[in-house]
Each structure stands twice: as C-alpha cells, then as structure tokens.
Amino acid sequence: MPELVVLPHSDAVHEEAARRIAAACQQAQDARGVFSWALSGGSTPRTTYRLLREARIDWSRVEIFWSDERAVPADSPHSNQRMAREALLDGVPIPSASIHPMQPDPADLDGAALAYEAEMRRVLGEDARVDLALLGLGDDAHTASLFPGTAALDEAERLVVANVAPVIAPRLTWTPRALRAARCILVLVVGASKRAALTRALQSPYDPKRVPIQSVIHDHANAIVIADREAAPHEPLA
Ligand code: 6PG
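Let us look at the structure shown here. Computed from a predicted model, the values in this text were never measured in an experiment. (Residues numbered from 1 in each chain as written. Predicted model: local features only at pLDDT ≥ 70, side-chain atom pairs only at ≥ 80, totals over all residues. Heavy atoms only, no water.)

1. Some remarks on helix α4 (residues 109-124)
With 16 residues, α4 extends 22 Å from end C-alpha to end C-alpha; this agrees with the ideal 22 Å at 1.5 Å per step. Of all the positions in α4, only Leu109, Ala112, Ala113, Tyr116, Glu117, Met120 and Leu124 are classed as buried. Down the axis of α4, the sector holding all buried residues measures 140°, keeping them to one side. Packed against the buried residues of α4 are β2 (35-39), β3 (62-66), β5 (99-100), β7 (160-163), β8 (171-174) and α5 (176-180). Immediately downstream of α4, the backbone of Gly125 shows phi near 95°, a positive value. (Helix = DSSP H or I, 4+ residues; strand = E, 2+ residues; numbered from the N terminus. Expected span 1.5 Å × (residues − 1). Buried < 20%, exposed > 50% of the residue type's maximum accessible area, 1.4 Å probe, protein only. Arc of directions from axis to C-beta. Contact = heavy atoms within 4.5 Å.)

If you want it as structure tokens, here you go:
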C-alpha cells in the first residue's frame, strides 16, 4: 500500500507537495549530486509548481523530464511542457540543457518514444531511474497516459511508448516499468471527482488494466499519495 496523506484542502496538498519535492531534491543532491525529476501533466500540479518557484533549490543540479505528453505543438494550451514551463521552469535559474521535453511528433510517435527513451538513458544511465516521479490521477484511474484497457499497460520492455487517449490527442507515456523504477513516486489527487478513482486505486483488488495507476504504485517501496479531503476515500482503509 502506498502511504496516504489526507489534508483538509487543496492548498494544503500543494504546500505539502512542494515541501516534499524540495526535500527530495535536497536529499538526492546530497547523496548523488543531482536531482532527477519526472514531471506530471494535467492541471493539478500547477499550484505546486508555482510554489516551487520560491523554494530554496539548487536548480543548477536538477534534471527535468516529463512522464507523459500530448501529441500537440509545444505552444498549445494542452501541452504539458508548456504548463510546466509557464508555472515553474521559466521562473527559476535552471540551465536549458537540463530540461528534457518530449517531442511528440504526431507523424512518428513511436520514433519520438524511442528517442525519448534514448535521452533518458543518456542522462540517467542505463537503468533510467529518476529520483522522483510526480503523477496525477484521472477520474478513470489513469496516471501519466496509461489509460484503462490500453496497450501501454502491457509493455514490459520499453520505457516510453505511444498510446491512444480518450481526450485531446494521442500521447507519449512512460510505461509502468519506467515509472516504477523511480526512487520515489508522489501522486497528487484533488477534488471530489477523483474520489471514486482513488478509492479503487487503493482498495480494489490488483487489476491494472482497469485501474492503471495500480500498475505504478502497487507494492512500490516509496509511493506516496497526497489527497485533499474531497478526494480521499470515505471509508477508513483496511
Ligand atoms: C495528462 C496527465 C494525466 C493527468 C491526469 C490528471 O497529461 O493528462 O499526465 O495523467 O495527470 O489526467 O489530470 P488533472 O490534474 O488535470 O486532473
């Protein structure tokens, strides 16, 4: 079971997330010199990112990746890269060479997935292990772009694949294998619309094809879910 931290409201979730991310950064830099971080897409982390602009972080020793991206131009309002740049990266002194955006060429998404996998291995080493993977949760229990019933959930070798998506555009996504390799997984869940999905993620039997986030957090040694009260399961966890 992942650790579940329930806080009274969304602002508290973002404050706690920012605090934990800054601490994970410090710990990784002390231990290994560099902090490698896979960002989440979606809208939930925007406030956390904004708070991190003010955190005491040595940005010269941070490597930024994305765990998924929509196949849209980088300046699209739907671009995960654009959101993170506007909320965080444009406001901190991080070298541009340390920012590793996905390049989701709609004409060759599989080629883009392979290129990103190569970039991860170049920067992170053969095991492509990041210190922190920040994730969100969809109402259908997807995380990154691992949607229920999709082929990416069956991928055992690759780190990044192209995947279909029910909304916006096809995606590039890290596979469960790549996400599970993260030293720490932090999932932010806010709002009543997420309660059913979070309850299934934490309480229903392991069935990742139906509840994709289970493929990432189930039995992971260091997975933490931070939720507000509206998103948290009603019943106490068994
Ligand atoms: C994406 C995501 C996705 C997201 C969830 C939650 O690119 O869409 O990475 O997994 O985190 O859908 O999205 P919200 O934070 O917008 O609710």
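2. Section: the environment of Glu3
Following the sequence through the fold, Glu3 ends up in strand β1 (residues 3-7). On the basis of relative accessible area, Glu3 is assigned to the partly exposed category, the value being 39%. Counting along the chain gives 173 residues from Glu3 to Pro176, while the straight-line C-alpha distance between them is 19 Å.

3. Section: the packing of aromatic side chains
Per the counting criterion, the structure on display carries three aromatic pairs. The interplanar angle of 75° and the centroid separation of 6.1 Å between the aromatic rings of Trp37 and Tyr49 together place this pair among those described as edge-to-face. Of this pair, Trp37 sits in strand β2 while Tyr49 sits in helix α2 (residues 46-52); the two residues are 12 residues apart in sequence, bridging distant segments of the chain. Using a relative accessible area of 0% as the deciding quantity, one classes Tyr49 as buried. Ring geometry for Phe65 versus Tyr116: centroids 6.2 Å apart, planes at 80°, classification edge-to-face. Residue Phe65 is found in strand β3, and its partner Tyr116 is found in helix α4; the two are separated by 51 residues along the sequence. For Tyr116, a relative accessible area of 3% gives the class buried. One aromatic cluster is present, built from ring pairs that chain together Phe35, Trp37 and Tyr49. (Phe/Tyr/Trp six-rings, centres within 6.5 Å; stacked < 30°, edge-to-face > 60°.)

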